[in-house]
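What the coordinates show
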Amino acid sequence: MEERRGGGGGGRGSGKGPAAGKMMSLNEFVSSMAPLIDLEKAAEISAESEASSKRKERRGSVMPNLKCTDAQTGLMGKTLLEFQPNKGDVLPPHKFGTHDVVALKPNKADAGSPALGQGVVYRLKDSSITVVFDDIPEDGLNSPLRLEKLANEVTYRRMKDALIQLSKGIQTGPSANLVPVLFGENLPMRSKDAVKFSPFNKNLDDSQKDAISKALRSRDAFLLHGPPGTGKTTTIIEIILQEVKRGAKILACAASNIAVDNIVERLSQYRTKLVRLGHPARLLPQVLDSALDAQVLRADNSSLAGDIRKEMKVLNSKLLKAKDRNTKRDIRKELKTLAKEERKRQQLAVADVIKNADVVLSTLTGASSKKIAGITFDLVIIDEAAQALEVACWIALLKGQRCVLAGDHLQLPPTIQSVEAEKKGMGKTLFERLTEGYGEEITCMLTIQYRMHELIMNWSSKELYNNKIKAHSSVAGHMLYDLEGVNKSSSTEPTIILVDTTGCDMEEVKDEEESTMNEGEAAVSIAHAKLLVESGVRAIDIGIITPYSAQ
Ligand SMILES: Nc1ncnc2c1ncn2[C@@H]1O[C@H](COP(=O)(O)OP(=O)(O)OP(=O)(O)O)[C@@H](O)[C@H]1O
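Residues numbered from 1 in each chain as written. Predicted model: local features only at pLDDT ≥ 70, side-chain atom pairs only at ≥ 80, totals over all residues. Heavy atoms only, no water.

In the annotation of an unreviewed UniProt entry, the protein is listed under the name DNA helicase and assigned to Triticum turgidum subsp. durum. Quoted straight from UniProt, the Sequence similarities (unreviewed entry) entry for the protein says "Belongs to the DNA2/NAM7 helicase family." Database annotation for the protein, UniProt heading Catalytic activity (unreviewed entry): "ATP + H2O = ADP + phosphate + H(+)". (UniProt positions renumbered as here; feature names shortened; annotations may be inferred.)

Written out as structure tokens, the structure is:
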């Protein structure tokens, strides 16, 4: 049995539901978002590439004058190149991070000149940077080189593609029933009876169990509202396990690689058949075993492909030695047939791994991978959905019949670079839009938090969550001096210290990139951190956060 939420009326196939009118229509969404994607793309590209080479060096998005010091094959057959500075022992100051997409160019090449290769940053040390390339750049590696951080244009193309698909192909696609609900044309539905389940995680609290039961009842869209530390990811893991148990095939996504890896890591503790899509250089080492490339390498079809490659190597050396034209022609023909067979075997191996997986995990943009094109998922789960652009969510949502979005729209929204795109609504998330449109009909909020002392929690609980959050007894009164080796002192006894620096002659200044800093306040933070270390707190357990990079 099924019931429709929102008080009878309207509903699937019967025209507009009551939510229509207050929710944005599909047409409005598509026509307003398309130009905003262009604005955002232009903002990112101009930030990265319009600056002069020297300015980019100063900003740290170009690393000049490097030498290639090591080349290795590894990481699932890909090539790892290590670079070190030509002058001195340490890399210049830079803003490169692991996972960044970079272009390798001759050091003196013009700004727009073609790259020797494009890769992903794999490892960073003070003295070297290691980049993974799918193919080894053929030449130029012996001369001075530079690396340039690239703007990620692919992401914008994928978002545009999702918009195009959304505007035309939705009547027949996997998400044909979901789309009208997410645009307020049909009302959300759920099965009439509560769903009973036997949890895999025996520690779940009542608010988590309630949310899981409601998610399992939902026939289309469900929102899991998780304030900080309330076990949103813990709850998602249980939803995935319960859905797999009842035979669902799931696509689990998040905007960032790190959030996806977090789910992979926690899910790997159970016996779930899962596969993680994405470039191996972008994955945490502890999830590499779940990576598609790793599973493909272990597959039968893949070892057949390997045998074919060996055969091709032998033929290639024969070809080099062959003198007779006819022999050469025959070898080339055979090589062509083998190459075709090798590609087919690789594709079969990939398709097998994906077909056998109950849970496929990727970033939202990664969900546009050809490897899962044409696959329908029973459920699409998006973690950190309140920090993801709605257009990016659609890349994944178009592949699913139902969705669970987990997040907290009362925390920070996604970062938008273009001021105009932000003003025109690009940062409004699907999570927030659905919360406004359907509210509690499709939402469940987790209410017990497992991270903060209750004095820290009280402010946000009161201001943002209607006083509904309770601290679990394991954390409600925990103190720094409860940690092993930490003494009671004036710095470890207080739960919160607010330092008012007004009138202390601590003025803000701007650095050359117009980023703000305040040396006096930095000194206060450092002094406090030192006091904590003197009281026995491990330096590695202290975090210092500031809103500006210069600070
Ligand atoms: N029912 C529970 N019993 C005990 N500990 C729990 C429970 N649920 C969650 N936790 C713990 O609380 C912490 C936060 O959980 P989790 O990472 O799932 O929350 P989250 O809401 O996703 O976090 P974030 O605020 O970072 O988004 C973790 O250390 C987790 O092990």
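After that view of the structure, there is still more to cover.
**So, the overall build of the protein**
Across its full length, the protein holds 15 helices and 19 strands. Over its C-alpha atoms the protein spans a radius of gyration of 27 Å, differing by no more than 12% from the 24 Å that the globule rule assigns to 551 residues. Split into buried and exposed, the 551 residues of the protein put 45% on the buried side. Sequence-distant contacts, at least 24 apart, represent 72% of the contacts inside the protein between residues at least 6 apart. Only carbon and sulfur atoms are counted for the fraction: they give 50% of the accessible area of the protein, which is about 29200 Å². Each charge class in the protein can be summarised by its mean position, and for the 76 positive and 72 negative side chains these summaries are 8 Å apart. (Helix = DSSP H or I, 4+ residues; strand = E, 2+ residues; numbered from the N terminus. Rg over C-alpha atoms; globule rule 2.2 N^0.38 Å. Buried < 20%, exposed > 50% of the residue type's maximum accessible area, 1.4 Å probe, protein only. Contact = heavy atoms within 4.5 Å. Areas by Shrake-Rupley, 256 points an atom, 1.4 Å probe, with all protein chains shown as cover. Lys, Arg positive; Asp, Glu negative; His and termini not counted. Charge placed at Lys NZ, Arg CZ, Asp CG, Glu CD.)

**Notes on the site of the ligand**
Close to the ligand lie 14 residues; Asn-203, Gly-229, Lys-232, Thr-233 and Thr-234 are nearest. A distance of 2.8 Å is found between a nitrogen atom of the ligand and a backbone nitrogen or oxygen belonging to Asn-203. Separating a nitrogen atom of the ligand from a side-chain N or O atom of Tyr-450 is a distance of 3.1 Å. Taken by itself the ligand offers 630 Å² of open surface, and the protein chains cover 69% of this. Top contributing element to the shell around the ligand by residue count: helix α6 (residues 232-245), with three residues. Of the residues contributing to the shell around the ligand, the split by class is three nonpolar, seven polar and four charged. (Near = heavy atom within 4 Å. Polar contact = N/O pair within 3.5 Å; in protein donor to acceptor, adjacent residues only side chain to side chain. Nonpolar A, V, L, I, M, F, W, Y, C, P; charged D, E, K, R; others polar.)

**Brief notes about the environment of Ile-381**
Positionally, Ile-381 belongs in strand β13 (residues 377-383). Of the residues examined, Ile-381 reaches a relative accessible area of 0% and is grouped as buried. It is 30 Å that separates the C-alpha atoms of Ile-381 and Arg-123, two residues lying 258 residues apart in sequence.

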